[in-house]
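Residues per chain are reported as follows:
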There are 2 protein chains.
Amino acid sequence: MKNDSMVCDEFCPHPQMIHAAQDIMPTQKEMSALADTFKIFGDVSRMKIICALLGGEMCVCDISLLLGMTQSAVSHQLRLLRNAFLVKTRREGKSVFYSLDDDHIYSIINQGLVHIRHTSKEENHHD
Amino acid sequence: MKNDSMVCDEFCPHPQMIHAAQDIMPTQKEMSALADTFKIFGDVSRMKIICALLGGEMCVCDISLLLGMTQSAVSHQLRLLRNAFLVKTRREGKSVFYSLDDDHIYSIINQGLVHIRHTSKEENHHD
DNA sequence: TTAACAAATGAACAATTATTCATATGTTCA
DNA sequence: TGAACATATGAATAATTGTTCATTTGTTAA
């Protein structure tokens, strides 16, 4: 949190680059919210749950069976997904059906897929 | 990892939904890679670094000064970003300039912004 | 109402991870 | 070469977090 002797002195930095960056950067609040959102995508169990819902709604026990996770673990993760507005619920009798909250969730996953396919190519070249 | 008494029995699940999901889901490897990638976006410090680079390349000490982080902390996070192919480097004398690796990084950030703006609206309604 | 079941939740534990501090590497210029 | 500086890295610590286990809530049907 502090910038003392270890950082370059006032002659090194490039003020115009710093100011340009400051102008373009989202607000602290937005960046914090962005990180919080992506953090939710950043766990394999949750990612599997999200992917399980790509085809449409499913109830908790379907998800448990499909992914081989306990009902409790799935439920805990679903709560985080719900708090982050990534999934929504619909109750039908004893079952609760979960589905992706909105279409741009698909866009985020798709962009992610574009990235990992792009990087796996890079890894093969490793240049 | 085990599905025993706590999960609904064989009469509850909806096989057609489970099979539909299985057909659509990415592979285990892809889902794992997706989670790993989003995990990198899922930290405020790294998100700030990424946002700092939205306007163009910057050297490590510029980033430290701009974000009020120590050079060491920035460097550690830059390594993770580099390993995930999110940033690339260019050396110029003593300085190392970092920039976003590719254009679809912007797309991911933009999709994230769309989401958080969408959710902040939802939070106001809280319906 | 009671039994049976699906889902949610709280506490505890284990594992992961971001930062700090100290030091090493690599580059430039005298 | 040696001094100064920018960046990288290893080890240790503190904080965060995913899962498990036990229990509770909420729903249906007898």
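Once a new chain begins, its residue numbering starts again from 1 and follows that chain's sequence as written. Written order decides the labels, with chains lettered from A and ligands numbered from 1. Selection of residues for local features in this predicted model requires a pLDDT of at least 70, selection of side-chain atom pairs for listing and counting requires 80 or more, and totals for whole chains, interfaces and linings are taken over all residues. Only hydrogens and water are set aside when side-chain values are computed; all heavy atoms of the structure are taken into account.

Novice: How should the overall build of chain A be read in this particular structure?
Specialist: The helix and strand inventory of chain A stands at six helices and three strands. Numbering of helices and strands runs from the N terminus, with a helix taken as a DSSP run of H or I at least four residues long and a strand as a DSSP run of E at least two residues long. Secondary structure elements in chain A, listed N-terminal to C-terminal, are α-α-α-β-α-α-β-β-α. The buried share of chain A, reckoned over its 127 residues, is 46%. Any pair of residues with heavy atoms lying within 4.5 Å of one another is described as a contacting pair. Considering only contacts within chain A whose residues lie at least 6 apart along the sequence, 48% involve residues at least 24 apart. Accessible area of chain A: about 6,800 Å², with a carbon and sulfur share of 51%. Exposed residues in this analysis have more than 50% of their type's maximum accessible area, buried residues have under 20%, and partly exposed residues fall in between, with area computed by a 1.4 Å probe over protein chains only. For the accessible areas, the method is Shrake-Rupley and the probe is 1.4 Å, while residue cover comes only from the protein chains on display.

Novice: How should the relation of the copies chain B and chain A be read in this particular structure?
Specialist: The operation relating the two chain copies consists of a rotation about an axis and a shift along that axis. Here the copies are superposed with least squares, the fitted atoms being C-alpha atoms of residues at a pLDDT of at least 70 in both. For the pair chain B and chain A, the best superposition has an RMSD of 0.1 Å and corresponds to a rotation of 180 degrees with a translation of 0.0 Å parallel to the axis. Such a combination of rotation and displacement between the chain copies is what one expects of a two-fold axis. When you check the interface residues of chain B against chain A, 100% turn up at the interface there too, and the contact is symmetric in its surfaces.

Novice: Just to check I follow, could you spell out the pattern of salt bridges for this structure?
Specialist: Close approach of charged atoms allows side chains of opposite charge to pair. Basic side-chain nitrogens of Lys or Arg form a salt bridge, by our definition, when they fall within 4 Å of a carboxyl oxygen of Asp or Glu. Under the counting rule described, the total for this entry stands at six salt bridges over all chains. We note a salt bridge from Glu57(B) to Arg90(B), for which the minimum N-O separation is 2.6 Å. Of the two residues, Glu57(B) sits in the loop between helix H3 (44-52) and strand E1 (58-59) while Arg90(B) sits in strand E2 (residues 87-92), which places them 33 residues apart along the sequence. Glu57(B) gets classed as partly exposed once you look at its relative accessible area, which sits at 26%. Beyond isolated ion pairs, a larger network of salt bridges with shared partners links Glu57(A), Arg90(A) and Glu92(A).

Novice: What should I look at first to understand the interface of chain B and chain A in this one?
Specialist: Think of interface size as the accessible area that goes away when the parts come together; that is how it is often given. With 71 residues of chain B in contact, the opposing surface of chain A contributes 71 residues. Each of two parts loses accessible area, computed with a 1.4 Å probe, when they are put together; buried area is these two losses added. Here chain B meets chain A over a buried area of about 6,100 Å², counting both sides, of which 73% is carbon and sulfur. Of all residues in chain B, Phe38(B), Phe85(B) and His115(B) bury the most surface against chain A, accounting for 11% of the area lost on that side. Between chain B and chain A we count two salt bridges in total. Between Glu30(B) and Arg117(A) there is a salt bridge whose closest N-O contact spans 2.8 Å. Polar contacts, as counted here, are pairs of nitrogen or oxygen atoms within 3.5 Å of one another; within protein the pair requires one atom able to donate a hydrogen and one able to accept it, and residues that are adjacent in sequence qualify only if both atoms are side-chain atoms. For the pair chain B and chain A, the interface holds 12 residue pairs in polar contact (both at pLDDT 80 or more). When residues of the side of chain B that touches chain A are traced back to their parent elements, those giving at least two are helix H1 (15-24), helix H2 (28-41), H3, E1, helix H4 (60-67) and helix H6 (103-125) of chain B. Side-chain classes are defined by residue name, with Ala, Val, Leu, Ile, Met, Phe, Trp, Tyr, Cys and Pro counting as nonpolar, Asp, Glu, Lys and Arg as charged, and the others, Gly among them, as polar. Of the residues that constitute the side of chain B that touches chain A, the class distribution is 40 nonpolar, 19 polar and 12 charged.

Novice: Explain unusual backbone geometry to me, please; I cannot follow it from the model alone.
Specialist: Among all residues except glycine, the phi angle is most often negative; among peptide bonds, the trans geometry is most common. Of note, the phi angle at Phe85(A) is positive, near 60 degrees, even though the residue is not glycine. Among the structural elements, Phe85(A) can be located in the loop between helix H5 (71-83) and strand E2 (87-92).

Novice: Please explain H3(B) as it appears in this structure.
Specialist: Since the α-helix turns once every 3.6 residues, residues separated by three or four places project in the same direction. Residues and elements named next belong to chain B. Taking burial as the measure, the nine residues of H3 include seven buried ones, the bulk of the element. The set of residues buried in H3 consists of Arg46, Met47, Lys48, Ile49, Ile50, Cys51 and Ala52. Capping the start of H3, Asp43 holds a side-chain oxygen 3.1 Å from the backbone nitrogen of Ser45, two or three residues further along.

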